[in-house]
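# Coordinate analysis (summary)
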Amino acid sequence: MDKTRDSLAAAVADIRDGMTVMIGGFGGAGSPIELIHALIDHGARDLTVINNNAGTGHAGLAALIEQGRVRKMICSFPRSANAEVFNAAYLAGQIELELVPQGTLAERIRAGGAGIPAFYTPTGYGTDLAKGKPQHDFDGRMYVLERWLKADIALIKAEEADQHGNLTYRMAARNFAPLMAMAAAHTIVQASRIVPLGAINPEHVITPGIFVNAVVAVPNPAQEEVLTREQVVYP
Amino acid sequence: MDKTRDSLAAAVADIRDGMTVMIGGFGGAGSPIELIHALIDHGARDLTVINNNAGTGHAGLAALIEQGRVRKMICSFPRSANAEVFNAAYLAGQIELELVPQGTLAERIRAGGAGIPAFYTPTGYGTDLAKGKPQHDFDGRMYVLERWLKADIALIKAEEADQHGNLTYRMAARNFAPLMAMAAAHTIVQASRIVPLGAINPEHVITPGIFVNAVVAVPNPAQEEVLTREQVVYP
Amino acid sequence: MSTLDTVKLTSAQIAWRAAQDIEDGAYVNLGIGFPEMVARFQVAGRRAIYHTENGLLDFGQAPAAGQEDWDLINAGKRAVTLNPGASFFHHADSFAMVRGGHLDVAILGAYQVAQSGDLANWSTGPGGVPAVGGAMDLVHGAKRVAVITEHTTKKGEPKLVEHCTLPLTGVACVTRVYTSLAVIDIDAGRFVLREKLAALSLDDLQSLTGAPLHIDTPLQDLNVPEL
Amino acid sequence: MSTLDTVKLTSAQIAWRAAQDIEDGAYVNLGIGFPEMVARFQVAGRRAIYHTENGLLDFGQAPAAGQEDWDLINAGKRAVTLNPGASFFHHADSFAMVRGGHLDVAILGAYQVAQSGDLANWSTGPGGVPAVGGAMDLVHGAKRVAVITEHTTKKGEPKLVEHCTLPLTGVACVTRVYTSLAVIDIDAGRFVLREKLAALSLDDLQSLTGAPLHIDTPLQDLNVPEL
């Protein structure tokens, strides 16, 4: 019943080629840099990656793309500042892109975690991003049917974790992480601090351990925004 | 921008006959007894009430029903121990009942708050409670289409509140309250403690103030389970 | 069958048997009433984490009488306590755990279980006040949905049947049934007998069961301690 | 129209004008880029609460240079600070606030706005790397969706049009447009002029607008301070 792992390498050991991997984070906040680098070292390829963005600079998710490991990105906003790696790969036809409105992306992931195979949303109705999707009138307004998103793996950056995988986050680094932890078959967490069972107030747990499979301590995690500004290149 | 109200009577003053009222709580935990009693005193009738249960004893929700104010209950489990008031009203044909599986009830309320007019769920498929509802096959499994639930009013019991309506709850008294606060046009909160703005850690806010319209202090709130055991009758 | 009452398992023994199949680290929901008894028999050295629909994970046993805090209850409205590692969450998150398939095991009571895995456990039909609670969600939630039940009704009628005649809770959802006489899996629309009381012949068991019992693997004795 | 550049509002002035319509206590989402400027001009004595898609309510101004915490950013990935009363939440809750109609106002930029209220602000068409972010959600979320924009493109083409020719962000969603020349409401599929710069004739304004301007109420001057 102890979900802690001794190393990043051990935590990502079961990721296989062709898997779908959700990666927490919005911009640099919440991006699990050390887990992504462990995944690069591990070598899995042909991955489908779900993240709000598509990485910046040359570390973290951008490095995973630069190493040619990502077949397809599902995201809402790949065209960030300093997203040259994704941009180049996309324009060269080396990576597939499924563009999803941000709120629909969040809700599809939540639906995946909550056992809701499909839901109607007003978002995207009448736009190119709703083309080919079923539409329905409810109470005189039109909605688009969206499907759940699930993943084989979620890589998550947390602030505190206990050995059962109960998690807290740090400020706006929370973003997609609680949803992805729900929607992945196997959720791997890097936590700045591993605390004793019971040390997290039950009222303050954001992700209950039921959604978490493996936890590894990364005491002073890198931050994507800082790495990008410092022009860090991985590996 | 100060959402605090001076009295329970002021907090419930705008509730009108015929409204739909969501009332937080699961069993006795989280039932906003003082707000319900203020609603009884206020006099609104012909209400549709959404709650997991249908009250126990002769105080709180049971008293509201006993006073003949509730036209219809939407709930998952009216037949609790000590639910004689609802049982009698129902068997006498004096109150309408829409029975909803508990998880579907929670999800329909969340959908109402999240702008999702309808969603598919496996729950209830093939049962009497899905009769007449659209069904759909996703990936070889059958699901039932369920509609959102919204309300005019939510009555919520919180532990801490600040003047912007940021809320925390007490243990399992949380249950439906955060969802109902989202799904009602006007959310009225009784809080055991009103604390200064900024006193609730932003990481620990459970219901952000955007979902709250009015807050009234009720320092030592009654608990339905205790009232029922003590055979308290209201009014 | 006059000896049935003397050989059949007590409720506690049925609960004990079900508890043996709960793995270390499992996330478990026990239905209201009889299934709650399973928690008493957690196997030594294993740590299961109990989920309750009303927004609480990892609750512990009941507090001493007089020590109840009625804001700390389970779905059966009984007072509980917290284990280290407990967490609170709202109802939508609680049923996301259920419907999203995050529970390892749900153990429920039953009026009837059909050989298809259909379960009827929420209504005995028209009349009275209906109530459903979380049962219809739970049967579509857990990775493994098990039932604990007397093998027959008080009148001696089979509870394991070809087709449920009572209103369904869920379709094709139950995978194992622990009864007062046997342990039976549901596989491909058939009741597959895994264990039965040694004191009971296969013919006797079949006569108390409303649909054919199949045997795929060497049949085990259902051995349960005195409790 | 050579004088247009001398009379038209600056970006700051457009933002100022939009800020005048934000009520005390309003929950507001400002789109990435130009709309973020509106927060600078909050009317004295009013307290708006700013929402950002990445899970933060009631953030404050940017920290001093060197004081940034990059885990505390807004949707534009700029470092922000917290006001007393702030809260964090995950992305599904954040877009529940949006989609569920809990925001009072969303103020967005635009490539084109049609008289129907259709908005195009996410894509200039095929080519390059597409990106949508939260724009398509925001246009269906807030009780009031406003646009701030130059009245024409840099080439002098109308941005207020009969029908959008660029890919849509949303259908019939915009209700008010604050431009460098005027304040225009969208009502029943028409542009309804509310305020215009006094230095500009109605004919000149119409010639810079791609669909008819209607006048329902006494026309006001668009008065904005030097900023």
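Look up a bit, the structure's there.
As the structure is a prediction and not an experimental result, all values here were calculated from the model.

Another point: the sheet that holds strand E9 (residues 160-161) of chain C. Residue and element names in this part refer to chain C. Taken in spatial order, the 3 strands line up as E7-E6-E9 in an open sheet, and their pairing is mixed. Sheet topology places strand E7 (119-120) and E9 at the edges, where each strand pairs with a single neighbour. Relative to E7, strand E6 (residues 112-114) runs antiparallel, the two sharing 2 bridges. Looking at the pairing, Gln-112 lines up with Ala-120 of E7.

Right, let's get into the pattern of salt bridges. Within this structure, the stated rule accounts for 54 salt bridges over all chains. Note that B:Arg174 and A:Glu203 form a salt bridge whose closest N and O atoms lie 3.4 Å from each other. Here B:Arg174, found in the loop between strand E9 (167-168) and helix H6 (177-183), pairs with A:Glu203, found in the loop between strand E10 (184-194) and strand E11 (214-217), and the two come from separate chains. There is no split in this pair, since B:Arg174 and A:Glu203 are both buried. With a closest N to O distance of 3.3 Å, C:Arg78 and C:Glu36 form a salt bridge. Highlighted residues: C:Arg78 in the loop between strand E3 (56-60) and strand E4 (81-88) and C:Glu36 in the loop between strand E1 (27-30) and strand E2 (49-52), separated in sequence by 42 residues. The network of salt bridges with common partners includes C:Arg17, C:Asp21, C:Arg176, C:Asp185, C:Arg194 and C:Glu195.

Their axes nearest at 9 Å, the elements helix H5 (residues 102-114) of chain A and helix H3 (residues 91-99) of chain D cross at an angle of 125 degrees. In terms of their interaxial angle, H5(A) and H3(D) are classed as oblique. As for how H5(A) packs across H3(D), the hand of that crossing is left-handed. Between H5(A) and H3(D), the residues in contact are A:Gln102, A:Gly103, A:Thr104, A:Ala106, A:Glu107 and A:Arg110 and D:His91, D:Ala92, D:Phe95 and D:Arg99, respectively. Partitioned by chemical class, the residues of the contact of H5(A) with H3(D) number 3 nonpolar, 4 polar and 3 charged.

We now examine the interface of chain C and chain B. In this complex, chain C contributes 33 residues to the contact, which on the side of chain B involves 48 residues. Carbon and sulfur atoms supply 64% of the area that chain C and chain B bury against each other, a total of about 3,500 Å² over both sides. The largest per-residue losses of area from chain C upon contact with chain B belong to C:Trp70, C:Asp71 and C:Val129, which jointly make up 21% of the total buried on that side. Taken together, the connections running from chain C to chain B amount to 3 salt bridges. As a salt-bridge pair, B:Arg170 and C:Asp69 come within 2.3 Å of each other at their nearest N and O atoms. For the interface between chain C and chain B, the tally reads 20 residue pairs in polar contact (both at pLDDT 80 or more). Breaking the side of chain C that touches chain B down by element, the ones donating at least two residues are helix H3 (91-99) and helix H4 (135-138) of chain C. With 4 residues, H3(C) is the largest single contributor of residues to the side of chain C that touches chain B. Counted by class, the side of chain C that touches chain B contains 17 nonpolar, 10 polar and 6 charged residues.

Analysis parameters
- Residue positions are given per chain, counting from 1 as you read along its sequence in written order.
- To label them, take the chains in the order written and letter them from A, then take the ligands in the order written and number them from 1.
- Given that this is a predicted model, residues contribute local features only at a pLDDT of at least 70 and side-chain atom pairs are listed and counted only at 80 or more, while totals for whole chains, interfaces and linings are drawn from all residues.
- To obtain the side-chain values, all non-hydrogen atoms of the structure were used and water was disregarded.
- We treat two strands as partners when DSSP finds at least two bridges between them.
- Runs of H or I in DSSP of at least four residues are treated as helices and runs of E of at least two as strands, each being numbered from the N terminus.
- Criterion for a salt bridge: a side-chain nitrogen of Lys or Arg within 4 Å of a carboxyl oxygen of Asp or Glu.
- Exposure categories follow from relative accessible area, calculated using a 1.4 Å probe and restricted to protein chains: below 20% of the type maximum is buried, above 50% is exposed, and the middle band is partly exposed.
- Here, axes are lines fitted to C-alpha atoms. For helices the fit covers the stretch in contact, and angles between N-to-C directions go from 0 to 180 degrees.
- Angle categories: roughly parallel below 35 degrees, roughly antiparallel above 145, roughly perpendicular from 65 to 115, and oblique for all the rest.
- A crossing counts as left-handed when the near helix is turned anticlockwise from the far one by less than a right angle, and as right-handed when that turn is clockwise.
- Residues count as neighbours in contact if any of their non-hydrogen atoms are within 4.5 Å of one another.
- In the scheme used here, Gly and all other residues not listed as nonpolar or charged are polar, with Ala, Val, Leu, Ile, Met, Phe, Trp, Tyr, Cys and Pro taken as nonpolar and Asp, Glu, Lys and Arg as charged.
- Accessible area, probed at 1.4 Å, shrinks when two parts are joined; the buried area is that loss added up over both.
- The definition of a polar contact used here is a pair of N or O atoms within 3.5 Å, where within protein one atom must be able to donate a hydrogen and the other to accept one, and adjacent residues in sequence count solely through side-chain atom pairs.

Any functional reading would require information that these geometric values do not contain.
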